Amino acid sequence: MTLKPPYDHTSTRRVLIGAHPGAAVSADWSVETHVRAACPPIFLVQAEDDPISDPHNALILRDACERARIAVELHRLPSGGHGFGMGVAGTPSAQWPQWLESWLAAHRFSAANADHGGKR
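Just so it is clear, the structure is predicted and the values come from calculations on it, not from any experiment.

**A word on the packing of aromatic side chains**
Turning to step 1, where the next piece is worked out: Inspection of the entire model under this criterion finds three aromatic pairs.
Turning to step 2, where the next piece is worked out: Look at F43 and W103: their rings are 5.5 Å apart centre to centre, the planes differ by 45°, and that puts the pair in the tilted class. Here F43, found in strand 1 (residues 42-47), pairs with W103, found in helix 4 (residues 96-106); they are 60 residues apart in sequence, far enough to count as distant. Judged on exposure class, the residue F43 and its partner W103 are both buried.
Turning to step 3, where the next piece is worked out: Pairing F84 with W96 gives two aromatic rings, centres 6.5 Å apart and planes at 70°, and the pair type is edge-to-face.

**Focus: the side chain of S53**
Turning to step 1, where the next piece is worked out: Mapping S53 onto the fold places it in the loop between strand 1 and helix 3 (56-67).
Turning to step 2, where the next piece is worked out: Ignoring anything within four residues of it in the chain, the contact list for S53 reads M1, Q46 and H82.

**Brief notes about the side chain of E32**
Turning to step 1, where the next piece is worked out: In this fold, E32 is placed in the loop between helix 2 (23-28) and strand 1.
Turning to step 2, where the next piece is worked out: Relative accessible area serves as the criterion here: at 12%, E32 is assigned to the buried category.
Turning to step 3, where the next piece is worked out: Ignoring anything within four residues of it in the chain, the contact list for E32 reads T2, K4, I60 and A64.

Analysis parameters
Note that residues are indexed from 1 along each chain, following the sequence as it is written. Residue-level local features of this predicted model are given only where pLDDT is at least 70; pairs of side-chain atoms are given and counted only at 80 or more, and the full residue set underlies all totals for whole chains, interfaces and linings. Computation of side-chain values: all heavy atoms of the structure, hydrogens and water removed. Centre distance within 6.5 Å is the pairing criterion for rings of Phe, Tyr and Trp, where only the six-membered ring of Trp is used; planes under 30 degrees apart are then read as stacked, over 60 as edge-to-face, and the remainder as tilted. Strands are runs of DSSP state E lasting at least 2 residues, helices are runs of H or I lasting at least 4, and numbering of each runs from the N terminus. Whether a residue is buried, partly exposed or exposed follows from its accessible area with a 1.4 Å probe, protein chains only, as a fraction of its type maximum: under 20%, in between, or over 50%, in that order. Whether two residues are in contact is decided by their heavy atoms, any of which lying within 4.5 Å being enough.

Structure representation (structure tokens):
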């Protein structure tokens, strides 16, 4: 989650760095400033109607990954709110566990690869 303007009017920002932090502190605590070439691949799913975490956060993190040449996969759901768990049957969020399973297998993070140390 970014804590930089214009996305800095959140309870997360207030809890982590206070009501009136400086720009340097906001940048230091913003996730996109920590994306480096050595970061692992990243899988993101976010609902457009998330009332807790602004959906732009997923776009900001995706863009930071792309700039650092980190493999990133982003799925934006039209609805689902915040914290939709393993998905709700009959809604767009029902699909994300299968997307994650495919992504894990593609990046050799799946349980099927665990007995081989992640290598086949």
